[in-house]
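Here is what each chain is made of, one letter per residue.
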Amino acid sequence: DEAIFLIAPLGGAESKLADLEANDIAWTRDSKSLIVSVGKSVKRRLVRLSVATGQPEQLILPPFEDDLDPSIGDLFPAVSPDGVRFAFARQVATVSTGILVASLIGGQPLRLTQTGDNILGITWTADEREVVYASGGSKGGGGTTLWRCSVEGPTNRPPTRIEGVEPGAFSPVISLPPSPSRPRLAYAR
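Notes on the structure in this doc start here.

1. Focus: the pattern of salt bridges
Here comes step 1: A complete count under the given rule lists six salt bridges for this structure.
Here comes step 2: Measuring nitrogen to oxygen at the nearest pair gives 3.4 Å for the salt bridge that ties Glu 57 to Arg 48.
Here comes step 3: In this structure, Glu 130 engages Arg 148 in a salt bridge whose closest nitrogen and oxygen atoms are separated by 2.6 Å. Taken together, the residues Glu 130 in strand β12 (residues 130-136) and Arg 148 in strand β13 (residues 144-150) connect sequence positions 18 residues apart.
Here comes step 4: Glu 130 sits in the partly exposed class, given a relative accessible area of 22%.
Here comes step 5: Residue Arg 148 is classed as partly exposed on the basis of its relative accessible area, which comes to 29%.

2. Considering the sheet that holds strand β3 (residues 22-27)
Here comes step 1: In spatial order, the strands read β3-β4-β5-β6; together these four strands make up an open sheet with antiparallel pairing. The outermost strands of the open sheet, each flanked by one partner alone, are β3 and β6 (56-60). Looking at each pair of strands side by side, their axes are set apart by 30° on average, direction ignored.
Here comes step 2: Of the strand pairs in this sheet, β3 and strand β4 (residues 33-38) are connected by five bridges, and their pairing is antiparallel. Its bridge partner being in β4, Trp 27 is matched across the sheet by Leu 34.

Scoring rules and cut-offs
Residues numbered from 1 in each chain as written. Predicted model: local features only at pLDDT ≥ 70, side-chain atom pairs only at ≥ 80, totals over all residues. Heavy atoms only, no water. Salt bridge = Lys/Arg side-chain N within 4 Å of Asp/Glu carboxyl O. Helix = DSSP H or I, 4+ residues; strand = E, 2+ residues; numbered from the N terminus. Buried < 20%, exposed > 50% of the residue type's maximum accessible area, 1.4 Å probe, protein only. Pairing = 2+ DSSP bridges. Axes fitted to C-alpha atoms, helices over the stretch in contact; angles between N-to-C directions.

Below, the structure written as C-alpha cells:
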C-alpha cells in the first residue's frame, strides 16, 4: 500500500497523512494542504489534501473518455508564489501534453501551451508572470531542455527555450528569495 507521510524537517517520528498513491506533491503556500497527483500510471488526478484532516478534495477532473482511456492525466503540480494559482501538466495521450493553470479556489483551468513531448517538471518564476518547464525530445535537440511560457496575455504565444541549458534537463525549481536578492533556477540532468 502506498501512503503520504509527514515528518519534521530535521527528523523525528513520521506520521501517515493519507493512504493515497502519490506521484507528485506540492505544498500550498500556507502549508495547510498538499496538492497531490494521485493514481497509478494512468488516469492521475489532482487533489488537495488537508494536513489537518488527511481528507482529499478533488481539484480538477481530467477529461477521461472511458475506462479504457490510456491518458496519464494530471501531474507535476506547482503552486504560484502568491499561493493563489497552480500550474500542472495534463497528458491526455502518449503524444499530447499541455501546461495548464488553475485557481486554487476553483474554476476551469486555462491552457498555456500544448506540446507533443512529455513534461518533466514545472516551476513558477518569482514574479509569477511565467512558468518554467522541462520538455523536449523533438523540440529539445534530442533530449529534454527547459522552456519558459507566459501565464499572462495571449495563450497562443509560443514558449521560449532557455538558452545555455544542455539537453537532458528535468525537475526545474526556482528559488523565491526575499527581496532584493535575485531568484535562481536549478534543475537536474
